[in-house]
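Results of the structural survey
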Amino acid sequence: MRHVFLATINHFDTAAIVEILNKNSIDFFFKNLHSSSIMAGWATPGSLFNERTLFVDITKLELARELLATYIRLE
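Here's what I pulled together on the structure shown here. (Residues numbered from 1 in each chain as written. Predicted model: local features only at pLDDT ≥ 70, side-chain atom pairs only at ≥ 80, totals over all residues. Heavy atoms only, no water.)

What to know about the side chain of Thr 14
Locating Thr 14 in the fold gives a position in helix α1 (residues 14-23). By relative accessible area, Thr 14 is classed as buried at 10%. Excluding residues within four positions of it along the chain, Thr 14 makes contact with Ile 9, Phe 30 and Arg 52. (Helix = DSSP H or I, 4+ residues; strand = E, 2+ residues; numbered from the N terminus. Buried < 20%, exposed > 50% of the residue type's maximum accessible area, 1.4 Å probe, protein only. Contact = heavy atoms within 4.5 Å.)

See below:
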């Protein structure tokens, strides 16, 4: 399965997004950029502490976009 970046989301939207994606059998994972920055030794992290990046199964990307339109900004 191949995953692609969909959006950067706020930590507080995570529970609702997880519920929607699980309900629709969309495989996904989150990456915490703030933690990655800290582990890399950056004095000033490259992201805010409450941001996460969302990656979804490429075969269900369009469905995920439609379902999450109220939670993410797609440009």
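Having put the structure on the table, let's press on.
Brief notes about the nonpolar core
Leu 6, Leu 21, Leu 54, Val 56 and Leu 68 are the most contacted members of the largest nonpolar core, which has 15 residues in total. Looking at this core, the elements with two or more residues in it are β1 (3-10), α1, β3 (51-57) and α3 (61-67). When residues in this core are grouped by element, the largest group, four residues, is from β1. Those residues within four positions of Leu 54 in sequence are excluded, and the remaining contacts are Val 4, Phe 5, Leu 6, Ala 7, Ile 17, Leu 21, Phe 28, Phe 29, Phe 30 and Leu 68. (Core = buried A, V, L, I, M, F, W, Y, C linked by side-chain atoms within 4.5 Å.)

In short, shape yes, function no, at least from these values alone.
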